[in-house]
Amino acid sequence: MKRIRIKLHWQILIALILGVFFGLYLKDHAYWVEWIGEVFLRGLKMIIIPIILTSIISAITNIGSGNIGRLGLKTIIYYISTSILAILTGLILVNLIRPGAGADLGLTGDVEGFALVEKSLGQTFIEMIPVNIFKALVEGKMLSIILFAFLFGFVITQLNNKHKETLTNFFNASFEAMMKLTMIIIKLAPLGIFGIIAGVVAQTENLSELALRMGEYMLTVLIGLSIHCFITLPLIQLLLAKVNPLKHFQAVSTPLLTAFSTSSTMATLPLTLDAVEHNDGVSRKITGFTLPLGATVNMDGTALYECVAAVFIAQAYGLDLSLMQQALVVITALLASIGAAGVPMAGMVMITIILSAIGLPLEAIGLIISVDRILDMFRTATNVWSDTTGALVVARTEGEVFKV
Ligand code: ASP
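Small disclaimer: the values here were computed from a predicted structure and weren't measured.

## Focus: the environment of Asn383
Its place among the elements puts Asn383 in helix H17 (residues 365-397). Among the residues examined, Asn383 registers a relative accessible area of 2% and is labelled buried. Taking the C-alpha atoms as reference points, Asn383 and Thr302, 81 residues apart in sequence, are found 7.1 Å from one another. If near-sequence neighbours (up to four positions away) are discounted, Asn383 is found in contact with Thr265, Asn298, Met299, Asp300, Gly301 and Thr302.

## Thoughts on the packing of helix H13 (residues 284-297) against H17
Relative to each other, H13 and H17 sit at 145 degrees, their axes nearing to 9 Å. Crossing hand, H13 versus H17: right-handed. Touching Ile286, Thr290, Leu291, Gly294 and Ala295 of H13 are Asp387, Thr388, Ala391, Val394 and Ala395, all from H17. Residue classes in the contact of H13 with H17 are distributed as six nonpolar, three polar and one charged.

## Overview of the packing of aromatic side chains
Between two aromatic rings, the relevant description is the distance of the centres plus the angle of the planes. With the rule as written, the count across this model stands at eleven aromatic pairs. When the centroid spacing of 5.0 Å and the interplanar angle of 85 degrees are considered together, the rings of Phe170 and Phe171 count as edge-to-face. Look at Phe260 and Phe378: their rings are 5.0 Å apart centre to centre, the planes differ by 80 degrees, and that puts the pair in the edge-to-face class. Here Phe378 lies in helix H17 and Phe260 lies in helix H11 (residues 253-262), a separation of 118 residues in the sequence. Judged by relative accessible area, Phe260 falls into the buried class, the value being 19%. Of the residues examined, Phe378 reaches a relative accessible area of 32% and is grouped as partly exposed. The aromatic ring of Tyr305 is capped on one face by Arg379, whose charged end is 3.9 Å from the ring centroid.

## Looking at the packing of helix H2 (residues 31-63) against helix H8 (residues 189-203)
At a closest axis distance of 7 Å, the pairing of H2 and H8 adopts a crossing angle of 125 degrees. Here H2 is positioned oblique relative to H8, judged by the angle of their axes. As for the relative orientation of H2 and H8, their crossing is left-handed in sense. Here Val33, Glu34, Ile36, Gly37, Phe40 and Leu41 of H2 come into contact with H8, specifically with Ala189, Leu191, Gly192, Ile193, Phe194, Gly195, Ile196, Ala198, Gly199 and Gln203. Tallied by class, the residues present in the contact of H2 with H8 amount to ten nonpolar, five polar and one charged.

## Examining the site of the ligand
Neighbouring the ligand are 15 residues; Thr265, Thr302, Gly347, Asp376 and Arg379 lie closest to it. Asp376 is positioned with one of its side-chain polar atoms (N or O) 2.8 Å from a nitrogen atom of the ligand. One of the side-chain nitrogen or oxygen atoms of Asn383 is found 2.8 Å away from an oxygen atom of the ligand. Across the complex, the protein chains shield 100% of the 270 Å² of accessible surface that the ligand would expose by itself.

## Brief notes about the nonpolar core
Membership of the largest hydrophobic core comes to 73 residues, with the highest contact counts inside it found for Ile51, Ile52 and Leu269. Looking at this core element by element, the count peaks at 14 residues for H2. Contact partners of Leu269, with chain neighbours within four places excluded, come to Ile51, Ile52, Leu291, Pro292 and Ala295. Residues Leu225, Ile313, Met348 and Ile369 belong to the second largest nonpolar core, which totals 41 residues.

## Some words on the pattern of salt bridges
On inspection of all chains with the given rule, the structure shows ten salt bridges. For Lys74, the salt bridge is made with Glu398, and the minimal N-O distance between the two is 2.4 Å. Of the two residues, Lys74 is situated in helix H3 (residues 65-97) and Glu398 in the segment after H17; the sequence distance between them amounts to 324 residues. Note on Lys74: relative accessible area 23%, which makes it partly exposed. For the salt bridge of Asp320 with Arg98, the shortest nitrogen-to-oxygen distance reads 3.7 Å. Highlighted residues: Asp320 in the loop between helix H14 (300-316) and helix H15 (323-339) and Arg98 in the loop between H3 and helix H4 (121-127), separated in sequence by 222 residues. Judged by relative accessible area, which is 63%, Asp320 ranks as exposed. The partly exposed category is assigned to Arg98, whose relative accessible area is 33%.

Here is what the cut-offs are and how they apply
- Residues numbered from 1 in each chain as written.
- Predicted model: local features only at pLDDT ≥ 70, side-chain atom pairs only at ≥ 80, totals over all residues.
- Heavy atoms only, no water.
- Helix = DSSP H or I, 4+ residues; strand = E, 2+ residues; numbered from the N terminus.
- Buried < 20%, exposed > 50% of the residue type's maximum accessible area, 1.4 Å probe, protein only.
- Contact = heavy atoms within 4.5 Å.
- Axes fitted to C-alpha atoms, helices over the stretch in contact; angles between N-to-C directions.
- Left-handed = near helix turned anticlockwise from the far one by under 90°.
- Nonpolar A, V, L, I, M, F, W, Y, C, P; charged D, E, K, R; others polar.
- Phe/Tyr/Trp six-rings, centres within 6.5 Å; stacked < 30°, edge-to-face > 60°.
- Lys NZ or Arg CZ within 6 Å of the ring centre and 35° of its normal.
- Parallel < 35°, antiparallel > 145°, perpendicular 65-115°, else oblique.
- Near = heavy atom within 4 Å.
- Polar contact = N/O pair within 3.5 Å; in protein donor to acceptor, adjacent residues only side chain to side chain.
- Areas by Shrake-Rupley, 256 points an atom, 1.4 Å probe, with all protein chains shown as cover.
- Core = buried A, V, L, I, M, F, W, Y, C linked by side-chain atoms within 4.5 Å.
- Salt bridge = Lys/Arg side-chain N within 4 Å of Asp/Glu carboxyl O.

What follows is the structure, encoded as structure tokens:
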């Protein structure tokens with residue numbers, strides 16, 4: 001079994017490289033293969049909502065009502081602390097490197113459609129309660145779906161034994177079926193990723209020109225993400241989860257490569273659930289609870305990116321942010337990363353929150369839009385890397401023993 005998995009992530013890596021070449025050298029023919037990527041992505045998206053619903057309900061029923069609060073608290077503490085660590089890494093770097101000082105202010109992209117995200121925090125919480133759960137499911141309102149799944153799972157644990165057993169078995173079985181479907185879709189991963197990458201590369205502007213214009217900014221984000229991925233999170237894996245980071249990396253390499261290629265934590269979720277449960281050996285009740293939640297609210301890469309981008313824009317406008325303003329950036333970056341959906345370019349849209357908080361014009365997004373697609377790949381992989389670390393940490397504190 002293990003050998004097949006190793007083969008799969010090598011297959012994906014080769015597909016990724018071939019996709020880059022195809023996009024570069026057969027730019028005008030990218031449409032020949034893009035559709036395969038689309039088929040793969042649609043397959044993944046098809047199962048996201050049923051997976052979230054069944055995994056959370058089945059996890060909560062298996063955890064039991066007495067333990068939900070404790071697990072929930074640990075999970076949230078992990079998510080908030082690592083996001084803050086990521087933001088602080090970004091903040092220190094952007095102040096040291098100062099990529100925005102003297103940056104070209106020519107607006108480089110179309111900013112239409114980036115409406116100001118102006119909902120207050122309170123309103124966001126209120127709107128988490130769905131007035132119609134089916135509408136929420138249809139519209140993919142993740143926070144509402146998660147809330148409903150939590151409540152539904154919780155009340156199942158309160159039922160009499162006969163009903164509790166029926167529903168627990170039903171949701172366990174449904175989740176099992178969804179994971180079987182995931183296994184089928186995973187088989188398409190190498191081909192799908194080849195198609196996606198070929199398309200992305202073909203559509204990206206001249207890379208060397210971009211690197212020249214936005215190089216320092218990109219570098220700041222990438223150095224920040226590297227510190228978080230290769231130092232901060234591995235240290236947490238080593239010290240808190242007590243696992244070998246290299247072995248864990250190997251265990252989750254398929255979801256990491258998929259996250260990188262698809263730029264979507266959500267689309268990657270089925271593969272993340274599979275890898276953390278089967279390769280790392282974390283119990284399903286922990287993965288089913290922490291990973292869907294993490295895919296929606298835990299985005300370390302996005303948080304770091306939000307912070308660097310906002311300070312970069314301020315620097316480009318010649319503004320020196322005061323300590324208070326920087327603190328505001330940290331808090332809003334955290335909220336923006338929690339609010340961002342796990343889909344491509346979500347983080348980019350959420351920057352409007354920070355820009356309006358510190359009083360910068362929204363047009364400034366035009367400055368960073370040209371390189372967003374590339375940075376999105378790296379921050380999404382970071383987001384998934386942190387989600388998997390969270391599952392390990394929570395499981396370890398619950399006394400679980402892993403395969404890695
Ligand atoms: N694409 C990211 C994700 O799915 C969100 C973002 O745009 O930062 O995790």
